[in-house]
Amino acid sequence: MRRVLIGGLACACLGLGQLSTALASATNNWGALEILGRSVAPGETVRMPFLLGPSFVGSFLDTLVVVVRSSRPGPTLCITGGIHGDEINGVEIAHRIYAGGTTQPVAGTLLVIPAVNVHGFRTGSRYLADRRDLNRSFPGSATGSHADLIAHALFTELRKHCDALLDLHTGSNSRTNLPQIRTDLGNPRALDLARAFGVGVVLDGKGPVGNLRRAALDVGIPAVLFEAGEPLRFDETDIRMGVTGVRNVMAHLGMSPPSTTPVPPSRVIRRTTWIRARGAGGIFLSDREPGDNVRSGETLGTVTDPITETTEVIRAPQDGLLIGMAVPQVVLTGYALFHIGS
Ligand SMILES: [Zn+2]
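What you are looking at is a predicted structure, and each value in this text was computed from that prediction instead of being measured.

Parameters at a glance
Residues numbered from 1 in each chain as written. Predicted model: local features only at pLDDT ≥ 70, side-chain atom pairs only at ≥ 80, totals over all residues. Core = buried A, V, L, I, M, F, W, Y, C linked by C-beta atoms within 7 Å. Buried ≥ 20, exposed ≤ 12 C-beta atoms within 10 Å, placed from the backbone. Helix = DSSP H or I, 4+ residues; strand = E, 2+ residues; numbered from the N terminus. Contact = placed C-beta atoms within 7 Å. Domains from an automatic or database assignment. Nonpolar A, V, L, I, M, F, W, Y, C, P; charged D, E, K, R; others polar. Expected span 1.5 Å × (residues − 1). Axes fitted to C-alpha atoms, helices over the stretch in contact; angles between N-to-C directions. Parallel < 35°, antiparallel > 145°, perpendicular 65-115°, else oblique. Left-handed = near helix turned anticlockwise from the far one by under 90°. Pairing = 2+ DSSP bridges.

A. Region of interest: the nonpolar core. Counting residues in each nonpolar core, the largest one holds 84 residues, and the members touching the most others are L77, I79, I150, L165, F197, V224 and V249. The element that contributes the greatest number of residues to this core is helix α5 (residues 146–161), accounting for 7 residues. In this structure, L77 is in contact with G108, L110, D163, A164, V249, M250, L253 and M255, ignoring residues within four places of it in sequence.

B. Looking closely at helix α3 (residues 88–98). Among the 11 residues that make up α3, 9 are buried, leaving the element largely enclosed by the rest of the structure. In the segment just after α3, G100 is the residue with positive phi, at about 70 degrees.

C. Expanded view of the domain arrangement of the protein chain. The assigned domain composition of the protein chain is domain 1 (2–268) and domain 2 (272–341). Placing a centre on the C-alpha atoms of domain 1 and another on those of domain 2 gives a separation of 33 Å. Taken together, the 10 residues of domain 1 in the interface contact 11 residues of domain 2. Among the secondary structure elements, those contributing two or more residues to the side of domain 1 that touches domain 2 are β10 (175–183) and β11 (201–204). No other element matches β10, which puts 5 residues into the side of domain 1 that touches domain 2. Its residues placed into classes, the side of domain 1 that touches domain 2 shows 3 nonpolar, 5 polar and 2 charged.

D. Geometry of helix α8 (residues 236–252). Relative to the 24 Å expected for 17 residues at 1.5 Å per residue, α8 spans 24 Å between its end C-alpha atoms, a close match to the ideal helical length. Restricting attention to buried positions, one finds in α8 the residues D238, I239, M241, G242, G245, V246, N248, V249, M250 and H252. If you follow the buried residues of α8, they end up packed against β7 (76–81), α3, β9 (164–169), β10, α6 (188–197) and β12 (223–229). Phi turns positive one or two residues past the end of α8, at G254, with a value near 80 degrees.

E. Inspection of the environment of R126 at higher detail. Among the structural elements, R126 can be located in the loop between α4 (118–123) and α5. The class for R126 is buried, based on 20 C-beta atoms found within 10 Å. If we ignore the near neighbours within four places in the chain, the residues touching R126 are H84, G85, D86, G120, D133, S172 and P231.

F. Geometry of unusual backbone geometry. Between F138 and the following residue, P139, the backbone shows a cis peptide bond with an omega angle of 5 degrees. Here P139 lies in the loop between α4 and α5. The backbone of L36 sits at a positive phi, close to 50 degrees, despite the residue not being glycine. Inspection of the secondary structure puts L36 in the loop between β3 (33–35) and β4 (38–40). Unusually for a residue other than glycine, N173 sits at a positive phi of about 50 degrees. Relative to the helices and strands, N173 is located in the loop between β9 and β10. In this structure N173 comes out as partly exposed when scored by C-beta crowding, with 13 C-beta atoms within 10 Å.

G. Geometry of the environment of M241. Looking at the element boundaries, M241 is found in helix α8. Contact partners of M241, with chain neighbours within four places excluded, come to P179, V199 and A228.

H. How the structure looks around the packing of α6 against α8. Packing of α6 against α8 brings their axes to within 7 Å, and their N-to-C directions diverge by 130 degrees. When the axes of α6 and α8 are compared, the pair comes out oblique. In this structure, α6 crosses over α8, and the sense of that crossing is right-handed. Between α6 and α8, the residues in contact are L193, A196 and F197 and G245, N248, V249 and H252, respectively. The residue makeup of the contact of α6 with α8, split by class, is 4 nonpolar, 3 polar and no charged.

I. A look at the pairing of β12. Of all 7 residues that make up β12, 7 are buried, and the element is covered over most of its length. Bridging between β9 and β12 involves 5 bridges; their strand directions are parallel. Each residue of the ladder has a partner; that of L168, found in β12, is F226.

J. View of the sheet that holds strand β15 (residues 282–286). Ordered in space as β18-β17-β15-β20, the 4 strands form an open sheet in which the pairing is antiparallel. Since the sheet does not close on itself, it has two edges, and those belong to β18 (311–315) and β20 (329–331), each with one partner. Between one strand and the next, the sheet's axes are offset by a mean angle of 30 degrees, whatever the strand orientation. Bridge analysis of strand β17 (residues 299–304) against β18 gives 5 bridges, and the strand direction is antiparallel. Looking at β18, one finds that V303 is bridged to E312.

Set out below in structure tokens:
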């Protein structure tokens, strides 16, 4: 048995039929969804800009919002991509969810914002126009900086509508991540979402202050973050895993029939360690890949100073799973090279 929050009411749900019955009684006013000045009727799909009114700040929120509504009552699942504008795997996962009408909920509502930081998406940047990180700015403020205003406008809408939230990301700054879910494992409903996503690896953590999943969890919305791949590059395997994960979560929430393929179990990781370049820096080459199980003392890669020809051998300090790493490149001393989970 699992618990699902629908319209602010917690109900115990076993399957789609029972869920629908529970929803019908829990959601007495299933009708038009009022969002961003539009009214979206049951059964309707609408694409509209977010905007923030006709203003200079609003022009930085001229990003697409897609609302897909079933004619039957159910929860609202929110999907956000591109909060870091260069993390385009997440943008493409969100795109494939609404593209061609291929993912129609049989109950409830999908609310998709595929490129939240549309300025960063257009310019290939992680950051907002003021060089702040949107994912350190939630829940934002109506009287703060540019980033505060953008975060506040977004979070106000998400808080109003979302019964569950999936936030789609990749590794940052020339690093790649093994497909993984991150959330607060102490939150049972978030843990249920994480397991339902079915990507096989779940990391514990609410994320840093200002992170969207932390802000959502703090106001009672179960939220998980999906990480896969590296910035500025599509990875077809990772994208497909993300799309499957979203559909698995929809089935978990009773928004679509259960998948005929069993959701794989998840390996839970509670502690992670970054291994950094400690020598003089130089040319980083890796011997391993994300997903490798490593043993303490094993060689993971090398960093070679091209002037002195001195090579630093990077070794695993503990047993664990390689959940992320820098892509081969020139690195400075102190650069984070390998991320091991245990
Ligand atoms: Zn990110």
